[in-house]
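# Residue-level structural notes
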Amino acid sequence: MEKNFSRRQFVRAAAAAGSLAAIGTISPTFADPRAGGLSDFPAGKQTWKKINNTVYGAKADESGPIGGGTGYKNILTKGDFVAEDLETLIDVLGKAKSGQVVFIPGKAIIDMTTFIYIDKLTLKIPEGVTLASDRGHNGSLGAQITSDALDTPLMIQITGPDVRITGIRLQGPNPKRYLDHHKRAFGKGGPGHTYYYKFPTSNGINVKFPKVEIDNCEISGFAHAGVNLPGGNDHHIHHNHIHKCQYNGLGYGVALDNSNALIEYNLFNENRHSIAGTGRIGCSYTARHNVHEDISLSHCFDMHGGRDRKDNTTIAGTLIEIYNNTFYAPQTAVVIRGVPQEKCDVRQNWLITHKDARAAVRAEEKTFVTDNLYGDKPAKPA
């Protein structure tokens, strides 16, 4: 039976939740990490367990391995336009029409550093266009688009709905945490936000239009967000490896504002929050069948509340569903920093380094935490 958890009720209710004893089976979900642009997460690492015909944790689907790469089924290997350098890529993105594919060969390295530093360049993908490379095809790592300029406000701007980005490696300039800078800015007597933002931040992909799909990509090294979703609904972020977005105070793998998204079959690691939301009305996400590796600067999945926004509400988004994910990081897995308009449902996850719901989730009213597995050798859900 689901329970509505206030801050005080949370521990008592979690401890009282019913459980079913059974013999479990464990299965791996990862392809060989040595090919296709995956991380060094050990091949065959256990990510799901089946108890009484119920799957707990993240299990790969028919599209291929969690995190994408080798074994992914929906790889594009050609397009209506081909670009192997930045000037050509800019040109063909300006010509491409809805339904067409701009393809970058897997061996290409497209360095945007000087164009961003001098001209503040942003790649613009128009409505209905697909930007693709071949990550995972015959061992390809996928084309790399990169910037080394710390002041990289944005690398890719989506300028219309129904865009797809698939099979590329998008590498930002800032994989570091900068803990000392954050402490100087916000510690006792610190100068605050004005000082903090004197150091530049960076973003990978920015989306304001609906129905954008980002799949089979490796996205890393962005101080603010690898995938930033300030607007638009029905986004699909899946089968990506998103890591090293961990600048302290920011650092998001996927960030949402006035938007909603299905976020599934991704491999996350070394982010401050791998998924984060501002918590404004309409901010919603479903996170399922994702694996969070061992390292996180702070809690893994997040939704801010009214106290963070200082808008005199307690609202923490509209609807959050977090199920069938596997968390290896020892930090708190889920933090909902207020009260969702509808609910937050946390169920059938495998929280390998957490002993119970109190250690795994921090939340207030309208957050339901039921039927999860805790520990590395669980025999029953709680």
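Placed above this text is the structure.
Here is a short report on the structure shown in this document. Worth saying up front: this structure is predicted, and the values here are computed from it rather than measured.

Conventions adopted
- Residues numbered from 1 in each chain as written.
- Predicted model: local features only at pLDDT ≥ 70, side-chain atom pairs only at ≥ 80, totals over all residues.
- Heavy atoms only, no water.
- Helix = DSSP H or I, 4+ residues; strand = E, 2+ residues; numbered from the N terminus.
- Buried < 20%, exposed > 50% of the residue type's maximum accessible area, 1.4 Å probe, protein only.
- Contact = heavy atoms within 4.5 Å.
- Areas by Shrake-Rupley, 256 points an atom, 1.4 Å probe, with all protein chains shown as cover.
- Pairing = 2+ DSSP bridges.
- 1 Å grid on protein atoms, 1.4 Å probe; cavity = no way out; pocket = protein on both sides within 12 Å on 5 of 7 lines; lining within 4 Å.
- Points joined across faces, edges and corners; volume = space filled by probe spheres on them.
- Nonpolar A, V, L, I, M, F, W, Y, C, P; charged D, E, K, R; others polar.
- Salt bridge = Lys/Arg side-chain N within 4 Å of Asp/Glu carboxyl O.

## Some remarks on the overall build of the chain
A tally of helices and strands in the chain yields seven helices and 31 strands. For the chain, the residues scored as buried account for 58% of the 382 residues in total. A sequence separation of at least 24 residues applies to 70% of the contacts in the chain between residues at least 6 apart. Of the roughly 15,800 Å² of accessible surface on the chain, a fraction of 50% belongs to carbon and sulfur atoms.

## Re the pairing of strand β3 (residues 54-57)
Two elements, strand β2 (residues 46-51) and β3, share four bridges in a ladder whose sense is antiparallel. Residue pairing across strands places isoleucine 51 opposite threonine 54, the latter belonging to β3. The hairpin formed by β2 and β3 contains two residues between the paired strands, and asparagine 52 there has a positive phi angle of roughly 50 degrees.

## Thoughts on unusual backbone geometry
If you check the backbone angles, lysine 244 has positive phi at about 55 degrees while not being a glycine. Here lysine 244 shows up in the loop between β17 (241-243) and β18 (252-264). Positive phi, normally seen in glycine, also occurs at lysine 310, with a value near 60 degrees. Residue placement: lysine 310 occurs in the loop between α6 (306-309) and β24 (319-323). Here lysine 310 falls in the exposed class, since its relative accessible area comes to 72%.

## Details of the layout of surface pockets
There is about 630 Å³ of room inside the largest pocket. In terms of lining residues, the largest pocket is bounded by 24 residues, among which Tyr197, Gly249, Leu250, Tyr252 and His304 are the most central. Those elements that place two or more of their residues in the lining of the largest pocket are α4 (179-186), α5 (193-196), β16 (225-238), β18, β20 (273-277) and α6. With four residues, β18 is the single largest residue contributor to the lining of the largest pocket. Residues that form the lining of the largest pocket fall into these classes: nine nonpolar, eight polar and seven charged.

## Considering the pattern of salt bridges
Using the criterion set out here, one finds 13 salt bridges in the structure. Here lysine 120 makes a salt bridge to aspartate 151, at a shortest N to O gap of 3.6 Å. Remark: aspartate 151 occurs in the loop between β9 (144-146) and β10 (156-158) and lysine 120 occurs in the loop between α3 (113-119) and β7 (123-125); sequence separation between them is 31 residues. Looking at lysine 120, the relative accessible area reads 48%, which means it is partly exposed. We classify aspartate 151 as partly exposed; its relative accessible area is 33%.

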